[in-house]
Structures are given as C-alpha cells and as structure tokens.
Amino acid sequence: MKKLFLTGVIVMNTTFAQPMFQMPDQHTLELSSTMATGIADTLQRFRATQQPLENFTVVIEEGDDKDVLLISFVAKLKAGKKGLGSSNSMGRGITYRIRRDNGQVLGESFHR
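Residues numbered from 1 in each chain as written. Predicted model: local features only at pLDDT ≥ 70, side-chain atom pairs only at ≥ 80, totals over all residues. Heavy atoms only, no water.

1. Let's talk about helix H1 (residues 33-47)
Basically, it comes down to this: Numbering of helices and strands runs from the N terminus; a helix is a DSSP stretch of H or I covering at least four residues, while a strand is a stretch of E covering at least two. Expected helix span is given by 1.5 Å per residue-to-residue step, counting one fewer step than there are residues. Contact definition: two residues touch when any of their heavy atoms are within 4.5 Å.
The terminal C-alpha atoms of H1, which comprises 15 residues, lie 21 Å apart, in line with the 21 Å expected from a rise of 1.5 Å per residue. Residues of H1 that are buried make contact with strand S3 (56-62), strand S4 (68-75), strand S7 (94-99) and strand S8 (105-110).

2. Comments concerning the side chain of glutamate 62
Keep this limit in mind: What qualifies as a polar contact is a pair of N or O atoms within 3.5 Å, subject to a donor-acceptor requirement within protein and to the restriction that residues adjacent in sequence count only when both atoms come from side chains.
When you line up the elements, glutamate 62 lands in strand S3. Polar contacts involving the side chain of glutamate 62 include one to the side chain of arginine 100, which spans 3.1 Å.

3. Looking at the side chain of serine 72
With respect to the helices and strands, serine 72 occurs in strand S4. Sequence-distant contacts of serine 72, defined by excluding residues within four places in its chain, comprise Thr57, Val58, Val59, Glu61, Ile94, Thr95 and His111.

Right, dumping it as structure tokens:
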C-alpha cells in the first residue's frame, strides 16, 4: 500500500497499476479538475458540520469499487489521550464517497 503524506493530508493508493495522483516531486500534488471539484465538495460538506478542520486529518483512499474514492475527515486525539475510532472530544469523523469519473459525492458515513 502506497501512502503519500502531505501537509495535513494522507493520500493512499492500494493499486500500483494506475496511480491515483501523479507526484512530479515531493512538494506538489497533481489531480484532475474533476477530482479537485469532488474534494472541494467534500470539504464544503464537512464545513457545514461546523467542526473545526484543524482537529482533523484528511485521508484520501481508493474505495472497494475502483470507480469510487473515499475522502475521510478523521478526528485527532488530544495530546496524551488514548481512544478508539474517530468520534471523541475533538470531533466526529466523516467519510465521503465520491465518483472518480465526475467527482460527484455519492454519500457519507459518520465514524464511531
């Protein structure tokens, strides 16, 4: 499994045949306009929950269906705290499913 760590964002690609994003160097991330639109839509939906974005890590990964990407907003834990899941005093995590071909948000699910 390939993981790309960017400032506050983790991009995961579980297949090596077709990379999800092209990385020309370690400081840039290239994605199609469709994917950028889909990611922007998930950010707008997340902001509607009125949870502070700084309390979350954003994870992008391929879904079980190769035509779907998962954009997850995973709640961080306070320093020194332990816990399971992504629902804690810092916020409640959400995963959005988006289509790779058109960026349409297909649905969302909250974390426990």
